[in-house]
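Each chain, written out:
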Amino acid sequence: MPKDHGIGASSKRREDVRFLSGRGRYTDDMNLARQAYAVFLRAQVAHAKINKIDTTDAAAMPGVIRVFTAQDFSGVGGLPCGWQVTDRHGNAMLEPKHPILAEGKIRYVGEALAMIVAETEAQARDAAEAIVMDVEDLPAVVDMKAAAAGGTLVHDDIGSNLCYDWGFVEDNKAAVDEAFARADHVTTLELVNNRLAPNPMEPRVAIGDYDFSTDQHTLYTTSQNPHVIRLLMGAFVLGIPEHKLRVVAPDVGGGFGSKIFHYAEEAAVTFAAKELRRPVKWTSTRSEAFITDAHGRDHVTKIELALDKDGHFQAIRTETFANMGAYLSTFAPSVPTWLHGTLMAGNYKTPLIYVNVKAVFTNTVPVDAYRGAGRPEATFQLERVIDKAAREMGMDPVELRRKNFVQPDEFPYQTPVAVVYDTGNYQATMDKLLDIADVAGFEARRAESAEAGKLRGLGLNCYIEACGIAPSNLVGQLGARAGLYESATVRVNATGGIVVMTGSHSHGQGHETTFAQVIADMIGIAENQVEIVHGDTANTPMGMGTYGSRSLAVGGSAMVRAANKVINKAKKIAAHLLEASEADIELKDGAFSVAGTDKSVDWGSVCLAAYVPHNYPLEDLEPGLEETAFYDPSNFTYPAGAYACEVEVDPETGKVTICAFAAADDFGNVVNPMIVEGQVHGGLAQGIGQALLEGVSYDENGQLLSGSYMDYAMPRADDVPSYVVDHSCQTPCTHNPLGVKGCGEAGAIGSPPAVVNAVIDALHRGGITHVTHIDMPLTPGRVWSAIQG
Amino acid sequence: MTKVSMTVNGRSMSGDIEGRTLLVDFLRQGLGLTGTHVGCDTSQCGACVVHVDGKAVKSCTVFAADVAGAEVTTIEGMGNPDGSLGVIQQAFQDHHGLQCGFCTPGMVMSAAALLAENPKPTEAEIRHYLEGNICRCTGYHNIVKAIMAASGQDVSAVAAE
Ligand code: FES
Ligand code: FES
């Protein structure tokens, strides 16, 4: 019987009622009294020297309150970068200043040059057009390898376009080279991990507000982590102490990483609200989102896999160019390094690994974390090169993988790339996959497709990811400039209802439902007795927010810890009320009882006693029932799984159709299966989108060619199939109290190689054996050209 | 500024607008009906879909003045008279057809228009009809399932998990 409430139940989402009835409260739904509107004048060229910005005419336009340029921000800091990477020679990465409005130079199309604040948005827009720019165009650097080679500099003052040249594990380099020299077989693959635009459906919005009577600043913003924004913007940009700055991220319409970062517009409207003593609101258009929201991926990689004659992996060596764009976005340096290099062991026992990453500045939008962040890049290259190796060596791709798996009895497993996998069972997820994907029936389906003139292919692969970022002391050593714990306050009210204030943030993940399920289960009360509050620094403890599939693993753990403190105290109160020893008190189904007796007191009575402490051990125990906990994980979590994609390729046109997609995941314990499956579905669509449709494209002058939904192909309902997903293989995480691993990114990490493997398989089965790789997105044009050779 | 009147969710509403005011802006700013969303500026995403005289319309592509006198229905008007969720809305909740909720009002309005035209659509027909509605969160699987369920059809046809 599936459970109907608590942990393990597919409880319906309580947040849905407001979203379905049009009563969500997204940032753009908010309007403050006396609000003015901000519009940003944005760079139309990718690289230019700014001689002068003349705002005289614009400032005189109807309704214009003020026009801000870089000079107005000369007294405040630039946008900070939250992660410092140290290169292979022990030097700190190059870290250029990231101004709020362009200073002296334009470095990418879309960069904010001036902010116009007016009575209406239309007036601000009209005034933006009246600003006269005197600029001298410079040649743009767009191609990463060209940028790395020198020539035109994106930032003249730092002297190079190479942000860092990172080696990992640098001490392994010589041994890796030796292993390659000895190997029986080496498979080499050069590939591109295409640049993507995250595209949460809600564009970014920021509203700054200032109360001069209390010197209080408030920023309402579309963020995945309001406390992080408060810290970064307050401490590093505007110099506002936290107690004078409140950041609110109400309902947020998706993020996928792109709403982690601190963006210039947030600081600009907060600053302007104080200057003008009026609320200032900015709403991004979609076109603006394409040229201002941090992009994702954009790696160019050469990977080599060394094998012995039986197919055992001996070593992996990679060289990657990673695009940083024009400036370092908040967590950009960590993505191609620590979130990528540490995953290069995959699900396999490869004794020697060396990863080299050259991060490069170019005249493009900053690039940062996007769903999966580094781990999709690692998985794609690894799972593609394994498929290629299997083909070259005449081995079955599944058997080759199985042979190299970390075996179920080998956990905890120390990889050669620093991380230690706590649990997993890769054979089990592979077995499950072969079953749910009906691999046995593939041949019959292929024959059917062949009759219709279509080439059918099957692509399989595994993935592993590191989630639940992260042990603070570890990431501190790796360059993080923040702690990565999470927090929760569990507040029990006098009549027994509970409010949990969490530092995690939901922007589609359903925390209001799942977190309540956990608390209800722990205490044995109804889920509707529990309310979850998130998204406002004024009423939640300092927490690092939601990304990297960390909410339940880290935020949920903090909440469990706080709830346990509450329960321990409640037991003391119950022991007093029942005149029993605390050690004998048991909590079950919402009642405290004395072991071995029929004496009990219910949850509500204990709560009431805590707040109306008439019969209460006041000398030993404070009244009240409210606890806060912080949780700093001792390790990452390692969700893993196996995915299968079946495609049909039309050899006449190159069009790829996804016929079926199956995913067998191990997320450890699962709190709400319905929500977990939904997370996988969404990730799969994004991964399929990356594989077949999506790609940010710039011309050689740095003009964005894919700047709207007309030319950036988002997956739509008829581009994707129904998915078959399974999460019944569960090896619970050993180091967090819920045994959960995280499920938000798996789909986006595991699916791109499955799609590409399937297309290559289809071509080979169809006799088109000269094609060993096609770069994503696999558009009909690219596939057709590959077929033609 | 000109005065425009229309019936919105069964009530007559009016407001002063500029000639260039889009229907979506009139609904959101003029009437405070913020359930209708704006997800793009090229008429591609469908977050803004409402019904005008019973037809699904992208409210970001029509001027408010052009629908003067029309019957407009928005997501706020899709519930039952007692305030509970209507059949399609309820199916979206039952089948987890939404995550962040941003595309959801447009999805529900499109789904309602589809079912009015085609009460028992196939999975392929649903997917095809949703061409103009982008969802970045759900991967569409559960949206398709919800619409199937709302039409009273068996959802096991949509691949089981
Ligand atoms: S807002 Fe995107 S179609 Fe109307
Ligand atoms: S639910 Fe988020 S865009 Fe559809």
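Caption draft 1: Just the overall build of chain B, in detail. Across its full length, chain B holds five helices and five strands. In terms of overall size, chain B behaves like a compact globule, its C-alpha atoms giving a radius of gyration of 16 Å where 161 residues would be expected to give roughly 15 Å. With respect to the principal axes defined by its C-alpha atoms, chain B has extents near 55 × 35 × 25 Å. Evaluated residue by residue, chain B yields a buried proportion of 57% over its 161 residues. In chain B, the share of contacts with a sequence separation of at least 24, taken over all contacts with a separation of at least 6, comes to 53%. Carbon and sulfur atoms make up 51% of the accessible area of chain B, which amounts to about 6100 Å² in all.

Caption draft 2: Inspection of helix 3 (residues 104-117) of chain B at higher detail. With 14 residues, helix 3 of chain B ought to run about 20 Å at 1.5 Å a step, and its terminal C-alpha atoms sit 20 Å apart, in line with that. Turning to helix 3 of chain B, its buried residues number three or more, namely Thr104(B), Pro105(B), Gly106(B), Met107(B), Val108(B), Met109(B), Ser110(B), Ala111(B), Ala112(B), Ala113(B), Leu114(B) and Leu115(B).

Caption draft 3: Structural view of the sheet that holds strand 4 (residues 105-106) of chain A. Residue and element names in this part refer to chain A. Here we have three strands laid out as an open sheet, ordered 4-2-6, and antiparallel in their pairing. Each edge of the sheet is formed by a strand with only one pairing partner; in this case those strands are strand 4 and strand 6 (132-137). Where strand 2 (residues 48-54) meets strand 6, six bridges bridge the pair, whose relative direction is antiparallel. For Ile53, the partnering residue across the bridge sits in strand 6 and is Met133.

Caption draft 4: Focus on empty space enclosed by the protein. Residue and element names in this part refer to chain A. By the definition in use, this model includes eleven cavities of 30 Å³ or more. Empty space within the second largest cavity amounts to approximately 200 Å³. Lining of the second largest cavity is provided by 23 residues; of these, Leu79, His98, Tyr108, Tyr263 and Ala264 occupy positions nearest its centre. Residues of the lining of the second largest cavity, tallied by class, amount to twelve nonpolar, six polar and five charged. Both of domain 2 (31-138 + 201-254 + 259-292) and domain 3 (299-394 + 405-470 + 635-788) provide at least three residues apiece to the lining of the second largest cavity.

Caption draft 5: Just the confidence of the model for chain B, in detail. Residues of chain B with pLDDT of at least 70 account for 98%, and the chain-wide mean is 96. Interface confidence for the predicted complex, given as ipTM, is 0.97, next to a pTM of 0.97.

Caption draft 6: The arrangement of the packing of aromatic side chains in detail. Residues and elements named next belong to chain A. Per the stated rule, a full pass over the model turns up 23 aromatic pairs over all chains. Relative to Phe271, the ring of Phe73 lies with its centre 4.5 Å away and its plane at 40°, an arrangement referred to as tilted. With Phe73 in the loop between strand 3 (64-68) and strand 4 and Phe271 in helix 7 (residues 264-276), this residue pair connects regions lying 198 residues apart in the sequence. Residue Phe271 is classed as buried on the basis of its relative accessible area of 15%. Consider the rings of Tyr108 and Tyr327, whose centres lie 6.2 Å apart with planes at 75°: the pair is edge-to-face.

Reading the values: the criteria
- Residues numbered from 1 in each chain as written.
- Chains lettered and ligands numbered in written order.
- Predicted model: local features only at pLDDT ≥ 70, side-chain atom pairs only at ≥ 80, totals over all residues.
- Heavy atoms only, no water.
- Helix = DSSP H or I, 4+ residues; strand = E, 2+ residues; numbered from the N terminus.
- Rg over C-alpha atoms; globule rule 2.2 N^0.38 Å.
- Buried < 20%, exposed > 50% of the residue type's maximum accessible area, 1.4 Å probe, protein only.
- Contact = heavy atoms within 4.5 Å.
- Areas by Shrake-Rupley, 256 points an atom, 1.4 Å probe, with all protein chains shown as cover.
- Expected span 1.5 Å × (residues − 1).
- Pairing = 2+ DSSP bridges.
- 1 Å grid on protein atoms, 1.4 Å probe; cavity = no way out; pocket = protein on both sides within 12 Å on 5 of 7 lines; lining within 4 Å.
- Points joined across faces, edges and corners; volume = space filled by probe spheres on them.
- Nonpolar A, V, L, I, M, F, W, Y, C, P; charged D, E, K, R; others polar.
- Domains from an automatic or database assignment.
- pLDDT = per-residue confidence, 0-100.
- Phe/Tyr/Trp six-rings, centres within 6.5 Å; stacked < 30°, edge-to-face > 60°.

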